[in-house]
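So you can see what is in the structure, the chains are spelled out below.
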Amino acid sequence: MRHSIFNLVRQAFAGNQGWPRQWRSPAPKRAYDMIVVGAGGHGLATAYYLAAEHGLRNIAVLEKGWLGGGNTGRNTTIIRSNYLWEESQKLYEHAVQLWEDLSQTLNYNVMYSPRGVMMLAHTQHDVQSFQRHIHANRLGGIDNEWLTAEQAQAFCPILNIDPSLRYPVIGAALQRRGGTARHDAVAWGYARAADALGVDIIENCTVTGIDRDASGAVSGVQTSRGAIRAARVGVVAAGHSSVLMGMAGVRMPLESYPLQALVSEPVKPVMPCVVMSNTVHAYMSQSDKGELVIGAGTDAYTSYSQTGGLHIAMHTLDAICELFPVVRRMRMLRNWGGIVDVTPDRSPIIGKTPVPGLFVNCGWGTGGFKATPGSGHVFAHTLATGEPHPINAPFSLDRFRTGRLIDEAAAAAVAH
């Protein structure tokens with residue numbers, strides 16, 4: 001009887017959005033009009049917008065593992081658009097605007113929650129940097145405001161603003177429209193919507209080579225499941241883009257680092273927003289399941305390890321326990337490291353490559369998740385038309401030759 005009731009509940013959820021059905025991974029066809037390499041959030045969003053907005057159907061999304069099993073399943077769900085440079089503002093604000101209606105667009109609850117993202121200032125340099133961001137954001141039509149330490153504590157009551165702290169809180173910048181979404185729900189939502197439009201999403205299909213014809217243009221890919229022909233290939237594989245692009249003879253200005261995070265045991269709601277601190281490099285929010293989601297920084301060395309150095313996580317936990325003493329006795333359930341591609345200016349590369357028919361979307365560093373809808377939308381335009389969307393035009397690979405960098409590495413008051 002219990003199993004019968006369970007099956008009824010399961011079927012009810014499967015008919016809605018809350019229970020992913022058994023995913024079909026079709027055998028690849030020998031030829032497609034277009035191939036997207038990587039079934040993470042960005043790759044699936046790209047495929048969806050190619051089908052939904054550009055009318056393309058003969059598309060394959062190739063994934064070496066399982067759907068959403070890479071960085072999309074290892075991020076800390078933060079969404080914001082309060083970047084300094086105008087190019088970054090337009091890209092991330094485009095994404096935030098898409099986030100706001102994404103559940104309705106996909107008919108799938110991605111659990112978008114605009115609960116506010118608050119960035120703590122601990123030094124006079126922090127204060128000056130945040131206020132510079134606030135003024136720049138307002139000029140760009142993006143919400144951002146300054147809070148005193150007392151106002152920051154009123155917004156997040158468990159925040160410790162004792163002036164005797166090693167890094168006392170002296171103010172904060174707040175983007176109220178910022179927030180969180182559920183990472184795996186985003187992947188499943190885009191996958192289901194793309195699948196319904198006829199896109200083939202092929203798991204356990206590792207790309208082992210990129211084929212080129214006599215003229216040097218892309219003609220397809222070699223995979224663990226055989227050769228697949230396509231006139232256009234878009235690489236959207238976080239952490240390994242340089243390896244894939246190397247298969248076509250293209251060198252990328254990328255380095256790969258582990259980026260660590262961890263979650264606590266679940267508790268009742270105590271954290272009403274996202275709080276970030278770059279000075280101590282720690283940030284925290286609370287998931288819908290009640291877990292405290294805690295983020296750290298990248299390791300200081302390049303690596304494809306998905307664990308990272310233990311000292312990074314310990315430093316972050318020391319800072320979290322000082323900023324939020326109420327959580328000191330909580331237990332951590334798990335920690336992990338995603339692999340992030342980092343460019344010299346800490347901004348992504350979205351666009352064409354020197355190889356005709358080969359396109360790339362990579363180098364997001366720590367900012368990939370928040371950009372997911374916007375990234376997929378503009379990259380789909382680039383793949384479909386062969387030319388960049390006005391929003392992603394400044395993020396070309398060519399900027400490293402011309403010197404027109406978008407240097408969020410030097411400008412950002414926080415890294416994430």
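From a predicted model like this one, the values you see are computed outputs, not experimental measurements.

## A closer look at the overall build of the chain
Each helix and strand in the chain was counted, giving 12 helices and 19 strands. The C-alpha atoms of the chain give a radius of gyration of 21 Å, which matches the 22 Å a tight globule of 416 residues would have. Its C-alpha atoms put the chain at 70 × 70 × 40 Å along the principal axes. Taking all 416 residues of the chain together, the buried fraction comes to 56%. The contacts of the chain with a sequence gap of at least 6 include a subset with a gap of at least 24, amounting to 76%. Carbon and sulfur atoms make up 53% of the accessible area of the chain, which totals about 17600 Å².

## A short note on the sheet that holds strand S9 (residues 207-212)
Reading across from one edge, S9-S10-S11 is the order of the three strands in this open sheet, with antiparallel pairing throughout. The sheet terminates laterally at S9 and strand S11 (226-229), the two strands that pair on one side only. When the angles between neighbouring strand axes are averaged without regard to direction, this sheet yields 25°. In the sheet, strand S10 (residues 218-223) pairs with S11 via four bridges, with the strands oriented antiparallel. Within S11, the residue paired with Val 221 across the bridge is Ile 228.

## Here we look at the packing of aromatic side chains
Each aromatic ring pair is specified by the distance between its two centres and by the angle formed by the two planes. Scanning the model with the defined rule gives seven aromatic pairs in all. Judged by centre distance (5.0 Å) and plane angle (70°), the ring pair of Tyr 48 and Tyr 49 falls under edge-to-face. Tyr 49 shares its class with Tyr 48; the two are buried. Site record: aromatic cluster; members linked through ring pairs are Tyr 48, Tyr 49 and Tyr 190. In this arrangement the basic side chain of Arg 80 is found over the ring face of Tyr 83, its NZ or CZ atom lying 4.4 Å from the centre.

## A look at the sheet that holds strand S6 (residues 171-175)
Hydrogen bonding along the main chain pairs the strands of a sheet, whether they run parallel or antiparallel. Here we have eight strands laid out as an open sheet, ordered S5-S6-S4-S14-S15-S16-S13-S17, and mixed in their pairing. The strands lining the two open edges of the sheet, one partner per strand, are strand S5 (145-147) and strand S17 (332-342). The mean angle between the axes of side-by-side strands here comes to 25°, regardless of whether they run parallel or antiparallel. Pairing between strand S13 (residues 255-264) and strand S16 (residues 292-298): four bridges, direction antiparallel.

## Some details on the side chain of Ser 81
Looking at the element boundaries, Ser 81 is found in the loop between strand S3 (78-79) and helix H3 (86-100). A polar side-chain atom of Ser 81 sits 2.9 Å from a polar atom in the side chain of Gln 175. Beyond its immediate sequence surroundings of up to four residues, Ser 81 is in contact with Gln 89, Tyr 92, Glu 93, Val 96, Ile 142, Gln 175 and Arg 177.

## Details of helix H5 (residues 124-139)
Along its 16 residues, H5 runs 23 Å from first to last C-alpha, staying within 8% of the 22 Å computed at 1.5 Å per residue. If you check which residues of H5 are buried, you get Asp 126, Val 127, Ser 129, Phe 130, His 133, Ile 134, Ala 136 and Asn 137. Looking one or two residues past H5, Gly 141 carries a phi angle of roughly 75°, positive in sign.

## Quick look at the nonpolar core
Core analysis: the largest hydrophobic core is formed by 48 residues, its most contacted members being Leu 44, Val 61, Trp 99, Tyr 190, Val 199 and Ile 201. Mapped by element, the contributors of at least two residues to this core are strand S1 (34-37), helix H2 (41-54), strand S2 (59-62), H3, helix H4 (102-106), helix H7 (183-196) and helix H10 (372-385).

## Quick notes on the confidence of the model for the chain
Considering every residue of the chain, the mean pLDDT works out to 91; 93% of them sit at 70 or more. Contacts of residues 1-22 to residues separated by more than four positions or lying in other chains number 14 contacts, the stretch itself having pLDDT below 50.

## A short note on H2
In this model, H2 (14 residues) spans 19 Å end to end at C-alpha, consistent with the 20 Å of a helix rising 1.5 Å per residue. Most of H2 sits out of view: 11 of its 14 residues are buried. Where H2 ends, the next residue or the one after it, Gly 55, has phi of about 70°, a positive value.

## As for the pairing of strand S12 (residues 232-235)
Where S1 meets S12, four bridges bridge the pair, whose relative direction is parallel. Residue pairing in the sheet places Met 34 in a bridge with Arg 232 of S12. Pairing of S12 with strand S19 (residues 358-362) involves three bridges; the strand directions are parallel. Of the residues in S19, the one forming a bridge with Val 235 is Val 360.

## Quick look at the packing of H2 against H7
It is the contact of H2 with H7, at a shortest axis distance of 9 Å, that shows an interaxial angle of 30°. Considering the angle they form, H2 stands roughly parallel to H7. Considering only the axes of H2 and H7, their crossing is left-handed. From H2, Gly 41, Leu 44, Ala 45, Ala 47, Tyr 48 and Tyr 49 reach across to H7, where they touch Ala 187, Tyr 190, Ala 191, Ala 193 and Ala 194. Partitioned by chemical class, the residues of the contact of H2 with H7 number 10 nonpolar, one polar and no charged.

## Quick word on the packing of H3 against H10
Closest axis-to-axis distance for the H3/H10 pair is 7 Å, and the angle between their directions is 105°. Taken as axis vectors, H3 and H10 run roughly perpendicular relative to one another. Of the residues in H10, those in contact with Leu 91, His 94, Ala 95, Leu 98 and Trp 99 of H3 are Thr 372, Pro 373, Gly 374, His 377 and Val 378. In the contact of H3 with H10, the residues fall into six nonpolar, four polar and no charged.

Cut-off values and rules
- Residues numbered from 1 in each chain as written.
- Predicted model: local features only at pLDDT ≥ 70, side-chain atom pairs only at ≥ 80, totals over all residues.
- Heavy atoms only, no water.
- Helix = DSSP H or I, 4+ residues; strand = E, 2+ residues; numbered from the N terminus.
- Rg over C-alpha atoms; globule rule 2.2 N^0.38 Å.
- Buried < 20%, exposed > 50% of the residue type's maximum accessible area, 1.4 Å probe, protein only.
- Contact = heavy atoms within 4.5 Å.
- Areas by Shrake-Rupley, 256 points an atom, 1.4 Å probe, with all protein chains shown as cover.
- Pairing = 2+ DSSP bridges.
- Axes fitted to C-alpha atoms, helices over the stretch in contact; angles between N-to-C directions.
- Phe/Tyr/Trp six-rings, centres within 6.5 Å; stacked < 30°, edge-to-face > 60°.
- Lys NZ or Arg CZ within 6 Å of the ring centre and 35° of its normal.
- Polar contact = N/O pair within 3.5 Å; in protein donor to acceptor, adjacent residues only side chain to side chain.
- Expected span 1.5 Å × (residues − 1).
- Core = buried A, V, L, I, M, F, W, Y, C linked by side-chain atoms within 4.5 Å.
- pLDDT = per-residue confidence, 0-100.
- Parallel < 35°, antiparallel > 145°, perpendicular 65-115°, else oblique.
- Left-handed = near helix turned anticlockwise from the far one by under 90°.
- Nonpolar A, V, L, I, M, F, W, Y, C, P; charged D, E, K, R; others polar.

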